[in-house]
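The primary structure of each chain is shown beneath.
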Amino acid sequence: MNIPKPSTALSEYVVIAGLPVITKDKEEPFFKVFLAIGTKLGLPYTRNDITMPFDAEGQKSLSWLFIKCADIKTADAVSKKLHNVKFGKNPMKAVLMSDFDSVLNATPIEQFSFSKVDLHKWMLEPIAQQYCMAVGKKLQLWWHTDPGRQSEDPVQIALKEEIKCNDFSWTAKGTYLVARDDDGLTLYGGPEMTKLKEFKHKQIAGYSVSNNEEYLYLFDCKGKSELINSMRVYSISTEKELRDFPTLTEETRNSFGWSCDGKYLAKMSKDLLSVYETPDMHMILDSAKNRSSLKVDHINCFNWSPTNNIVAIFRRPERLEEGASMIDLIEIPSREKVYFKSIQLAESCKFVWHPNGKLLALVMTMKTPGGGLIKQTTLGILHIEKRKTEYVEIDISEVIVFEWEPTSDHHFAILRMQKDQLMDMKETVIEVFQVFTGPLRMALIPGSSHTYALSNISWSPLGRFMVASRLIDPKHYLAGAIYGMQYFFYIKDNRVHSVNTDTHDNARGAAWDPSGRFYSTFSTSEVRKENDSFNIYNCFGEVMYKDKVQGLLSWKWRQRPMTELKPGAIEEIKKKLSEYTQRFKESDKKAKDSMNMHIAAVKKAKLDKFLKTYLEPRFAKYAQEKPQREKILGHPEFEEENYEVSEYYEETLVEEKLEPLP
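So, here is what we can say about the structure in this document. (Residues numbered from 1 in each chain as written. Predicted model: local features only at pLDDT ≥ 70, side-chain atom pairs only at ≥ 80, totals over all residues. Heavy atoms only, no water.)

**Section: the overall build of the chain**
Helix and strand counts for the chain come out as 6 helices and 44 strands. Expressed as a percentage of its 662 residues, the buried residues of the chain come to 43%. Of the contacts formed within the chain by residues at least 6 apart in sequence, a portion of 47% connects residues at least 24 apart. Surface accessibility of the chain: about 37400 Å² in total, with carbon and sulfur atoms responsible for 51%. (Helix = DSSP H or I, 4+ residues; strand = E, 2+ residues; numbered from the N terminus. Buried < 20%, exposed > 50% of the residue type's maximum accessible area, 1.4 Å probe, protein only. Contact = heavy atoms within 4.5 Å. Areas by Shrake-Rupley, 256 points an atom, 1.4 Å probe, with all protein chains shown as cover.)

Below you can see the structure in the form of structure tokens.
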């Protein structure tokens, strides 16, 4: 066995010790996992750079390996990044070749399992969607309909182990179920929701997982305030802590945000925006090649684009009379200012990006020069494409909800307060607008204005279908008010059509499933006792399923990754949808026939059971009692097989009468 010895000629080698002992047939799976760890950490080694010694028989590995780097500086960086990184459940030891003796006798970690959990098997089901609900402190996972097409009712999924938590959420692509309890976060995945990752942190006040599902941060707060006390950033794959912010001062829950691809994490503080690059969590470089924060005077809030590494920033002076508020769009990591605009007397601003990243809505609450906040909103739309920008705005009464239609039709819906009305009445106007580009303008769709008591708007992920609702908020509950109304709308031929209404009493939450075909609501007993239930509707507002679940606390659809189709492909599919109609009909017929066969089989089984358990015993008892009946009758019983029935027909002349023919 050839083991490199320490020398100046081998100073570019790194020793990784404490590895599991594997057999020769496990070598390739081992290196697949080991290289994946290096890729996540951004390390520059490949399979050809690694040497792993085996025993004299060449059957079992030793507990270490060697990585050859380009130079000693690179080797030093690799050793520092890999040191104490977990392989399996225990940390590895990574040192330079000069410290080889210190790890020579390192204890191998426990045997590592290479049978990975299939995290994406659930996505192969084309029709049924999954949802999770918290019943008490236990989680239940369900298909919304039977994947085997044997029933239209939900089917519960058996879990590998019981999951208990205080609350839960799904990651952006639905790969992981994140459960939070008093000890920290636990990530589950796979067909049976196997426990995959654990992040220990006492008294977690909040957390956020990046959109690429590779990183997360969690934090605790100062008492019951919104101020963050400390925060930690982790790599999900390695469970390694990437950065710790131990003593934060003025940062709140809204002071941090992931970029669309998880490559950057932004932190907002007084007059500064610090952007950290994963996985090393160093600040991005400035023009002088120094790592520094962006100087942003009077920064008030920020929001990342959903498709590009562009961050929108709202800057507001302490006194509006001293200067205008500013809107900035800055590209990361170049720090180039893509767009800026001054807005007079803007008190606050909410950014709402369209999912395509080309349209940005600015919902700004305005203030008069004399003071006194007037419920007036300036609604601005910014169009960004290939570094060309257009902007248009309108003044409107107070906007409380703004939601883009997620397709390329560029519709958006708003809820606004009526002018000169009492706030306690909560009467709102829902309106739907269409945005046109070249030149940029927006127009109210005729007939789209409706007046209801509403609090939420939710578009189907497929677009066209929209639900406006009034959901209950336990913190702002109004006694005597009616909650749970659901108004279903459909956009066709540039008209808004009301298709259905329904009421789910005291509904607290509502959401569309990822396919955009089903809409759900749920209620809990937090406000009204014995009101734990959920409803599932189709996109036209027809109730598909409803159920009461005692102890229901939360109900959430499992997310699915966004389509990988190229821009414009979805529109082409819509145009050719009629070509697929026959295939869809055949698929539906097969599913229906299969379900009918199952129903027929169930009915036959019930009939057979009835005959066997009810009729057959009674026939036997009837036969057993025959002698008693004959004794009472005084003669044998006549049965059908003991006699024949003969029929006779007889014609009788009743009257004879002669009449002349006409």
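**Some remarks on the pattern of salt bridges**
This structure, assessed with the given rule, holds 17 salt bridges. Its salt-bridge partner being R315, residue D328 comes within 2.7 Å of it at the nearest N-O pair. On the criterion of sequence distance, the pair formed by D328 in strand β25 (residues 325-331) and R315 in strand β24 (residues 310-315) is long-range, its members being 13 residues apart. Of the residues examined, D328 reaches a relative accessible area of 2% and is grouped as buried. Sharing partners across several salt bridges, the network here consists of K24, E27 and R47. (Salt bridge = Lys/Arg side-chain N within 4 Å of Asp/Glu carboxyl O.)

**Digging into the nonpolar core**
Within the largest apolar cluster, 26 residues are counted, with the highest numbers of intra-cluster contacts made by I16, F30, F34, L65, I67 and L82. Looking at this core, the elements with two or more residues in it are β1 (13-17), α1 (27-40), β3 (64-68), α2 (72-82) and β6 (93-96). Those residues in contact with F34 that lie beyond four places of it in its chain are I16, Y45, I50, L65, I67, L82, F87 and M92. I310, F314, A346 and L382 belong to the second-largest nonpolar core, a separate cluster that totals 19 residues. (Core = buried A, V, L, I, M, F, W, Y, C linked by side-chain atoms within 4.5 Å.)

**Regarding the sheet that holds strand β8 (residues 138-143)**
Overall, antiparallel pairing links the 4 strands, which are arranged β9-β8-β7-β44 in an open sheet. Each having just a single partner strand, β9 (155-157) and β44 (552-557) make up the two edges of the open sheet. When the angles between neighbouring strand axes are averaged without regard to direction, this sheet yields 30°. The sheet contact formed by β8 and β9 spans 3 bridges and is antiparallel. Along β9, the bridge assignment pairs W142 with Q156. (Pairing = 2+ DSSP bridges. Axes fitted to C-alpha atoms, helices over the stretch in contact; angles between N-to-C directions.)

**Description of the side chain of D532**
As for its placement among the helices and strands, D532 is situated in the loop between β41 (518-523) and β42 (533-538). Notably, D532 is buried but unbridged: the nearest opposite-charge side chain belongs to R508, and the N-O separation is 8.8 Å. One polar contact links the side chain of D532 to the main-chain amide nitrogen of G551, over a distance of 2.8 Å. In this structure D532 touches S523, T524, S525, D547, K548, V549, Q550, G551 and L552, once residues within four positions along its chain are discounted. (Lys, Arg positive; Asp, Glu negative; His and termini not counted. Polar contact = N/O pair within 3.5 Å; in protein donor to acceptor, adjacent residues only side chain to side chain.)

**A word on the sheet that holds strand β26 (residues 337-343)**
In spatial order, the strands read β23-β24-β25-β26; together these 4 strands make up an open sheet with antiparallel pairing. Edge positions in the sheet fall to β23 (299-304) and β26, since each has one partner strand and no second. With strand direction ignored, the average angle separating the axes of adjacent strands in the sheet is 15°. Here 5 bridges tie β23 to β24, and the two strands are oriented antiparallel to one another. Its bridge partner being in β24, F302 is matched across the sheet by I313.

**Structural notes on the packing of aromatic side chains**
Geometry of an aromatic ring pair is reported as the spacing of the ring centres plus the angle between the planes. Taken as a whole and assessed by the stated rule, the structure comprises 32 aromatic pairs. Three or more aromatic residues joined by ring pairs make a cluster, and in this case those are Y215, Y217, F219, F245, F256, W258 and Y276. Between R47 and the ring centre of F31, over which it is positioned, the NZ or CZ distance is 3.6 Å. The ring centre of F168 lies 5.0 Å from the NZ or CZ of K556, which sits over that ring. (Phe/Tyr/Trp six-rings, centres within 6.5 Å; stacked < 30°, edge-to-face > 60°. Lys NZ or Arg CZ within 6 Å of the ring centre and 35° of its normal.)

**Some words on the pairing of strand β37 (residues 465-469)**
With 5 of its 5 residues buried, β37 lies for the most part within the structure. Across the two faces of β37 the burial is the same, with F465, V467 and S469 and M466 and A468 all buried. Here 4 bridges tie strand β36 (residues 456-459) to β37, and the two strands are oriented antiparallel to one another. Paired with W459 across the two strands is M466, which belongs to β37. Connecting β36 to the antiparallel partner β37 that follows it, the hairpin turn spans 5 residues, and G463 within it adopts a positive phi of roughly 80°. Looking at chain direction, β37 and strand β38 (residues 485-492) are connected through 5 bridges and run antiparallel. Bridging from a neighbouring strand, S469 pairs with Q486 of β38.

**Focus: the side chain of S61**
Within the secondary structure, S61 sits in the loop between β2 (50-51) and β3. Among the residues examined, S61 registers a relative accessible area of 4% and is labelled buried. Among all residues touching S61, those that are not within four sequence positions of it are P20, V21, I22, M52, P53 and F54.

**Overview of the environment of S63**
When you line up the elements, S63 lands in the loop between β2 and β3. The exposure class of S63 is buried, given its relative accessible area of 7%. Along the chain, S63 and L19 lie 44 residues apart, while their C-alpha atoms are 4.7 Å from each other.

**Details of unusual backbone geometry**
Residue P279 is reached from T278 by a cis peptide bond, and omega for that bond is 5°. Mapped onto the elements of the fold, P279 is located in the loop between β20 (272-277) and β21 (282-283). In the Ramachandran plot, D271 falls in the positive-phi region, its phi being about 60° despite a non-glycine side chain. Phi is positive for R335, which is not a glycine, with a value near 65°. With respect to the helices and strands, the residue R335 is situated in the loop between β25 and β26.

**A short note on α2**
Of all the positions in α2, only A75, V78, S79 and L82 are classed as buried. The arc that holds the buried residues of α2, viewed along the axis, is 100°, so those residues lie on one side. Exposed and oriented more than 90 degrees from the buried face of α2 are K73 and K80. Looking at the buried residues of α2, the elements they touch are β1, α1, β3 and β6. (Arc of directions from axis to C-beta.)

**A word on a nonpolar patch on the surface**
Taken together, L607, F610, L611 and Y614 make up a surface patch of nonpolar side chains, about 350 Å² in accessible area. Along the polypeptide, L611 turns up in helix α5 (residues 581-624). With a relative accessible area of 32%, L611 lands in the partly exposed category. (Patch = residues over 30% accessible without salt bridge, like charges linked within 9 Å, V, L, I, M, F, W, Y side chains within 5 Å.)

**Observations concerning the packing of α5 against helix α6 (residues 626-633)**
Working note: a packed helix pair is described by the angle between its axes plus the distance between those axes. As a packed pair, α5 and α6 sit with axes 5 Å apart at the nearest point and diverge in direction by 45°. In this view, α5 runs oblique relative to α6, as classed from their interaxial angle. Every residue of α6 that contacts α5 at Y622, A623 and Q624 is listed here: K626, P627 and R629. (Parallel < 35°, antiparallel > 145°, perpendicular 65-115°, else oblique.)

**Here we look at the pairing of strand β39 (residues 495-503)**
Bridge count between β38 and β39: 8 bridges; the pairing is antiparallel. Paired with K492 across the strands is R495, a residue of β39. As consecutive antiparallel partners, β38 and β39 are separated by 2 residues, and within that stretch D493 has a phi angle of approximately 55°, a positive value.

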